[in-house]
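Chains, contacts and geometry: an overview
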Amino acid sequence: MITSYNVFVPAVMGSGASLRTGLKVRELGCQKVLVVYDKGLKDVGIADTIVENIQNSGIQTICFDGVLPDPPDTMIEAAAAMAVNEGVDGIVAIGGGSAIDTAKGINVLINNPPPIMKYFGVQKTLNPGVPMIFIPTTSGTGSEVTNMCVVSCTSLDKKDSVVSPVCVGTLAILDPDLTLGLPPKMTAATGIDALAHAVESLTGGQANPISDALAREAIRLIGKWLPVAFREGSNLEAREQMLLASMYAGMAFTNALVHVGHSIGHTLGAQFHLPHGIACAVTLPEVIEYTAKTEFNKVRMICECLGEVVAEDASSEEIGAIARKAIRTLIKSLEIPNLKELGISLENAVQIAPLVAADTGLALAPYRIPTPKIAELIKSAYDA
Ligand SMILES: [Fe+2]
């Protein structure tokens, strides 16, 4: 079988790396950049420090500090109009997936007329934008190394994404210092999203040997370091390893894609307004157990990366059960609530199964999953 690895984003990494932002912007030849972040990052001083660092390199800055969670199309279009009016020749995004995806959406619209919803789907012929530097402050989305941006379409009340080379960053700057203050709940929710990216891309229908290697290392690092980062937020090594893990997982899924766990997660998130990582986590153990029916060799790898011992002659059912237990134990150790604890009724939770079955992300799953089976997975995860 011929496979290919398609997306590569250069990265600078290490404690204090964000203090090279100005230097890196200058090396890219930019003279006036739009810096994108949310008000929270301004309040804790992270945004101002990086903006000053850019200015000290002789670069002019324009700030957009209005990033909202699940970036709405209207916000992206307003920020893009500002970028065009100001004639910026570069973008720096600081924050989690929402800030980075906002920057990507702006970049799509710099040389392509709005609205952004015109460009949903895979786009190969968009006019190029400007150089972009991404500085993640969470360890989860991996958006700094992916080729897509997720946008909330306000008129249709749904999320969709633009997949394009215009969404690929020019450079990722991974500075664990910026994630030290991330509260335990956010650390857990974003970190488990990275695990979902890794286990789903490893078992996905588009997996290739390079994405497999990245996904396996991401799982190993997350199993080891996410509980440490959750318990000891100021542990620099744990924060650094988690940034690395979420980048590996992002690199894996931007090539191999995700499947059932994220289809359930997207649907739960939209129906019950749950944070993305939590919505993807709640059924992940059951999804991977089911996945072992066909992808047992890959699920065996997941078990081994999480430190589980699997007998050589273990059946696919046994491998699936070990994986379910290992992932559930990790989720519980992070105090991530189950669907019952989230206050959702069993009846309402199970009712989303047909919507999950209609999710476009399922088309690339390694197996076809009938709607009653989706309902069954949700039911067995409900109060697990
Ligand atoms: Fe995700």
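Residues numbered from 1 in each chain as written. Predicted model: local features only at pLDDT ≥ 70, side-chain atom pairs only at ≥ 80, totals over all residues. Heavy atoms only, no water.

Comments concerning the pairing of strand β2 (residues 32–36)
For β2, the buried fraction is high: five of the five residues fall into the buried class. The pairing of β2 with strand β3 (residues 60–64) spans five bridges and is parallel. The residue of β3 that forms the bridge with Leu-34 is Ile-62. Pairing of β2 with strand β4 (residues 90–95) involves four bridges; the strand directions are parallel. Each residue of the ladder has a partner; that of Val-36, found in β4, is Ala-93. (Buried < 20%, exposed > 50% of the residue type's maximum accessible area, 1.4 Å probe, protein only. Helix = DSSP H or I, 4+ residues; strand = E, 2+ residues; numbered from the N terminus. Pairing = 2+ DSSP bridges.)

Comments concerning the nonpolar core
Counting 78 residues, the largest nonpolar core has Ile-192, Leu-195, Ile-219 and Ile-288 as its most contacted members. Taken domain by domain, the makeup of this core includes at least three residues from each of domain 1 (11–179) and domain 2 (184–381). Look past the residues within four positions of Leu-195 in its chain and what remains in contact with it is Ile-219, Ile-222, Leu-284, Ile-327 and Leu-330. By size, the runner-up hydrophobic cluster in this structure holds 33 residues, among which are Phe-64, Val-67, Val-130 and Cys-167. (Core = buried A, V, L, I, M, F, W, Y, C linked by side-chain atoms within 4.5 Å. Domains from an automatic or database assignment. Contact = heavy atoms within 4.5 Å.)

Thoughts on the packing of helix α6 (residues 184–202) against helix α8 (residues 236–256)
The N-to-C vectors of α6 and α8 enclose an angle of 40°; their axes lie 8 Å apart at closest approach. As far as their axial angle goes, α8 and α6 are oblique. Along this stretch, α6 crosses α8, giving a crossing that reads as left-handed. Contact with α6, carried on its side by Thr-187, Gly-191, Ala-194, His-197, Ala-198 and Ser-201, involves Arg-239, Met-242, Ser-246, Ala-249, Ala-252, Phe-253 and Ala-256 of α8 and no other residues of that element. (Axes fitted to C-alpha atoms, helices over the stretch in contact; angles between N-to-C directions. Parallel < 35°, antiparallel > 145°, perpendicular 65-115°, else oblique. Left-handed = near helix turned anticlockwise from the far one by under 90°.)

Overview of the domain arrangement of the protein
Its domain assignment divides the protein into domain 1 (11–179) and domain 2 (184–381). On a C-alpha basis, the centres of domain 1 and domain 2 stand 27 Å from each other. Roughly 1600 Å² of surface becomes buried between domain 1 and domain 2 when both sides are summed, with 68% attributable to carbon and sulfur atoms. Here domain 1 and domain 2 share zero salt bridges between them. (Buried area = accessible area lost by both parts, 1.4 Å probe. Salt bridge = Lys/Arg side-chain N within 4 Å of Asp/Glu carboxyl O.)

Focus on the environment of Val-356
Among the secondary structure elements, Val-356 is positioned in helix α15 (residues 353–357). Residue Val-356 is classed as buried on the basis of its relative accessible area, which comes to 0%. Remark: the alpha-carbon pair of Val-356 and His-262, spanning 94 residues in sequence, is separated by 9.4 Å. Filtering out sequence-adjacent residues up to four positions away, Val-356 remains in contact with Ser-263, Ile-264, Thr-267, Leu-362 and Ile-374.

Structural notes on the pattern of salt bridges
Taken as a whole and assessed by the stated rule, the structure comprises 11 salt bridges. Between Arg-324 and Glu-289 there is a salt bridge, with the nearest N and O atoms lying 2.8 Å from each other. Highlighted residues: Arg-324 in helix α13 (residues 316–333) and Glu-289 in helix α11 (residues 284–291), separated in sequence by 35 residues. The partly exposed category is assigned to Arg-324, whose relative accessible area is 30%.

As for the sheet that holds strand β8 (residues 158–163)
Pairing in this open sheet of three strands is mixed, and the strands run β5-β8-β7 from one edge to the other. In this open sheet, the two strands that pair with only one neighbour each are β5 (121–122) and β7 (148–153). Judged from the two bridges that link them, β5 and β8 form a sheet pairing that is parallel. The partner of Val-122 across the bridge, within β8, is Val-163. On the sheet, helix α5 (residues 97–110) packs against β7 and β8 and is oriented at approximately 90° with respect to β7.

Brief notes about the coordination of the iron ion
For the iron ion, the full set of protein donor atoms is Asp-193 (OD), His-197 (NE2), His-262 (NE2) and His-276 (NE2), at a range of 2.1 to 2.2 Å. Its four donor atoms give the iron ion angles of 86 to 168° at the centre, a pattern that matches the irregular case. Of note, the donors binding the iron ion are all from one chain and are spaced D-x3-H-x64-H-x13-H. Of this pair, Asp-193 and His-197 both sit in helix α6, four residues apart, roughly one helical turn. (Donors = N, O, S within 2.8 Å, 3.2 Å for Na, K, Ca; no water. Tetrahedral: all angles 85-135°; square planar, octahedral: opposite > 155°, others 65-115°.)

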